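Chains, contacts and geometry: an overview
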Amino acid sequence: MKKYYSFIALAALALASCTSDEFVGGNEKVTTESKGSAIGFDFGVPNLTRGSLSGADAAEALNYQFVVYGTKHTEEEVEAATNDEVVFKNYKVEWTDNTAGTTESNTHNWEYVGLTPYAEGVSPVVTSTQTIKYWDYSANKGYTFYAFAGKDQVTAKNVTITKITEGTNSLYEKGYTVTIKKSANLDQLFYSDRTPVAKSEYGKPVVLTFRNLGSRVRVGFYETVPGYSVKINKFYYDDDASAAVTTFKAMDKANETNFTAALQNVAPADNNSLTITYYDKTDEDIENHVKVTNSGVEYGYNLTLGTGIIDAEKLATTSATPTWDNNGNYTTVYPFEQNTNPMLIRVDYTLTAEDGSNETIEVKNARVVVPTNFVQWKSNYAYTYLFKISNNTNGTTGTVPTDPDDPESGDPEGLFPITFDAVAVTATDYTQETITTVATNNVTTYAVNSDVTTVGEYKAGETIYVVDENTSTHEPLTVSGIGVTAGNATVYTATTTGDAISEATVLAKLNGAPNGITLTAASPAATVVTEANSIPQADGSTYTLAANKAVQFTPASAGTYVYVYTNTAYVATEYEAAGDTFDAAETYFFKTDKDVYYAASGLSTDNFDKYKADLWKVKTDGTVGVYDIKVIIIK
């Protein structure tokens, strides 16, 4: 009995790398026993959430066509192409609604037999009319399939696609080279995973998992400054950049219209050259998934998006409904997995009191570094970066430093350092979410597959990773241990019977303020990540991060948690009794019932004798602690 191929092309992550006798999204179950011997096609592609499309919806997403390249192997497939016998030499496959079953080769509205292949923009080109294909059981070492979709972009000559068939160093490099013009629509370009099929799977549908070529980026802002509204005034950039921007000082030009950040990226340009390859077996969880390399491209060094952030008179006050740029719509950009530079943001904003006084405070030179690992854009990912402005700010309300990388060259930083949350969410393939807090250094929190915009921040039971990044060197700090001495990090649970818990009030508490906040070491306790490359991504791979550069903890229950990195530990001032003899050069203090000391003024010998039993003087001077702080809400 003749056997047939059936192709199900699924661009849904959850269904990648699986085969089945049943067509997803088809009209009925199809098996080798129930149908004829011709190849049939059906497939699905993912929508922009975490689901998948099927049937006519999937066909529409791929513009009713895709192109398949397939080889069979009588010997073990190796790097060289000598034993790749081509079966499908870039066959075009077309969808026509309500045609399933009208021909032997059409089981689910897809047909390829008798079609004329693409004549331009695709290589190698089929030189004759396409014919039916059958399983060859003498091919004991299996088949390998690849595919792409991009009908309009090919016919408009916006893209040229060439299948890589030889000269590779690895099986996983037998993908495509893609040359793209500036006018190309990346949203319409899809590439399937590399799909090997073993002999034991012959006769079953071959599942091709498509992934969109482009990455999607959007930004949003919200604020949590008590008693004030916030308006963004301007972002800064380096308009002379011919290489990646590495200092805030270089960002000396103001953009009062658009959101702007310093970030190396792939600039839209004619004849950008991309290489489609595949993750190899060392990345077992994502083996054969599409990987995009920017092999010959033109680079840009500023990320400029829409006007929505600066246009807003007031920022929103919650992460669930932030003030979006471009109404929350994504901007499609080139993927850039090979990026080696962080995102730098420098911003000025205005605080306006909401108590009726209309008092304003201008905050300038607020700075944030989003770590490199969180701006390495992958194809088929959608990234959302949320920035939170709180009463913890590293901007100054006075004279801007002559060197923005050196705050001490200007007026002191006010309100205590700005806090930004940078969240990458709503991935087409997977969910990657981070929260970056800017304090003395930048604190980024991350949990695999967390849904920050839905739950608030994180959920109980999730393992949360914390990376502390120096604002000058743009490198993660070394965590020497869990504790309260310099170089240590700690995660606390926080409760209060007084002041509201925020980065600023926790800082005050750590420096001895009796403000009703209680900090208790989290249980289970936080630990230092001692293994290199051990922070997982949503797709199963791991971030390239050295050992002892991160902390992790898994909150057992909902509540408020606080991450603290101790740069310089707080040392409390020690006091002693005033004694019996008045010294006019000495400063004396009264003590409240909460053990707060405040200076006693106007003392003389007479009233000193009257109050000396209640007076204190400094025995040993203390020092203010310097900390990086991030308040983490667990739902």
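To start, this report covers the structure provided alongside it. Everything numeric here is computed off the predicted structure, so don't read it as measured data.

Each helix and strand counted, the protein chain has six helices and 41 strands in total. A burial count over the protein chain gives 52% of its 635 residues as buried. A sequence separation of at least 24 residues applies to 70% of the contacts in the protein chain between residues at least 6 apart. As presented, the protein chain carries roughly 25,600 Å² of accessible surface, and 47% of it is formed by carbon and sulfur atoms.

Structurally, the position occupied by T144 is in strand β7 (residues 143-149). Exposure remark for T144: the relative accessible area of 1% places this residue in the buried category. Polar side-chain contacts of T144 include one of 3.0 Å to the side chain of E77. The contact partners of T144, leaving out residues within four places of it in the chain, are Y69, G70, T71, H73, E77, R194, T195 and P196.

This paragraph deals with helix α5 (residues 503-510). For α5, a buried count of six out of eight residues is recorded, marking the element as mostly surrounded by other parts of the structure. Regarding α5, the residues found buried are E503, A504, T505, V506, L507 and L510. Just downstream of α5 lies G512, where phi reads positive at about 100°.

Before going further, it helps to examine the pairing of strand β24 (residues 360-370). Of all 11 residues in β24, eight are buried; the element is thus mostly enclosed. Sheet topology places strand β23 (residues 343-353) next to β24; nine bridges connect them, and they run antiparallel. In the strand pairing of β24, Y349 is matched with V363. Between β23 and β24, which follow one another and run antiparallel, lie six residues, and G356 among them has a positive phi close to 95°.

Right, let's get into the nonpolar core. Across soluble globular proteins, you tend to see nonpolar side chains buried next to one another. The biggest cluster of nonpolar side chains holds 45 residues, and the ones touching the most others in it are I232, F259, M343, Y385 and F387. Of all the secondary structure elements, the ones that give two or more residues to this core are β14 (215-223), β15 (228-237), β17 (260-266), α3 (308-311), β23, β24, β25 (382-389) and β28 (464-469). With six residues, the single largest contributor to this core is β23. The contact partners of I232, leaving out residues within four places of it in the chain, are F221, I309, I310, L315, V347, D348, Y349 and I389.

Scanning all chains against the criterion turns up 31 aromatic pairs. Ring geometry for F88 against F145: centres 6.5 Å apart, planes inclined by 55°, an arrangement best described as tilted. Taken together, the residues F88 in strand β4 (residues 85-95) and F145 in strand β7 connect sequence positions 57 residues apart. Comparing F88 with F145, the two get one shared label, buried. Relative to Y176, the ring of F148 has its centre 5.5 Å away and its plane inclined at 80°; by these criteria the two rings are edge-to-face. With a gap of 28 residues between them, F148 in strand β7 and Y176 in strand β9 (residues 176-180) connect regions that are remote in the sequence. Residues F148 and Y176 agree in their burial class; the two are buried. Put simply, the rings of F88, Y91, Y112, W135, Y137, Y143, F145 and Y202 touch in pairs and so form one group of aromatic residues. Its guanidinium or amino end placed over the ring of Y172, R194 lies 5.1 Å from that ring's centre, counting from NZ or CZ.

Residue position: T527 is located in strand β32 (residues 527-528). A relative accessible area of 38% places T527 in the partly exposed class. In this structure the C-alpha to C-alpha distance between T527 and I482, which are 45 residues apart in sequence, comes to 6.7 Å. In this view, T527 contacts I482, A550, V551 and Q552; residues no more than four positions away in its chain are not counted.

Conventions adopted
- Residues numbered from 1 in each chain as written.
- Predicted model: local features only at pLDDT ≥ 70, side-chain atom pairs only at ≥ 80, totals over all residues.
- Heavy atoms only, no water.
- Helix = DSSP H or I, 4+ residues; strand = E, 2+ residues; numbered from the N terminus.
- Buried < 20%, exposed > 50% of the residue type's maximum accessible area, 1.4 Å probe, protein only.
- Contact = heavy atoms within 4.5 Å.
- Areas by Shrake-Rupley, 256 points an atom, 1.4 Å probe, with all protein chains shown as cover.
- Polar contact = N/O pair within 3.5 Å; in protein donor to acceptor, adjacent residues only side chain to side chain.
- Pairing = 2+ DSSP bridges.
- Core = buried A, V, L, I, M, F, W, Y, C linked by side-chain atoms within 4.5 Å.
- Phe/Tyr/Trp six-rings, centres within 6.5 Å; stacked < 30°, edge-to-face > 60°.
- Lys NZ or Arg CZ within 6 Å of the ring centre and 35° of its normal.

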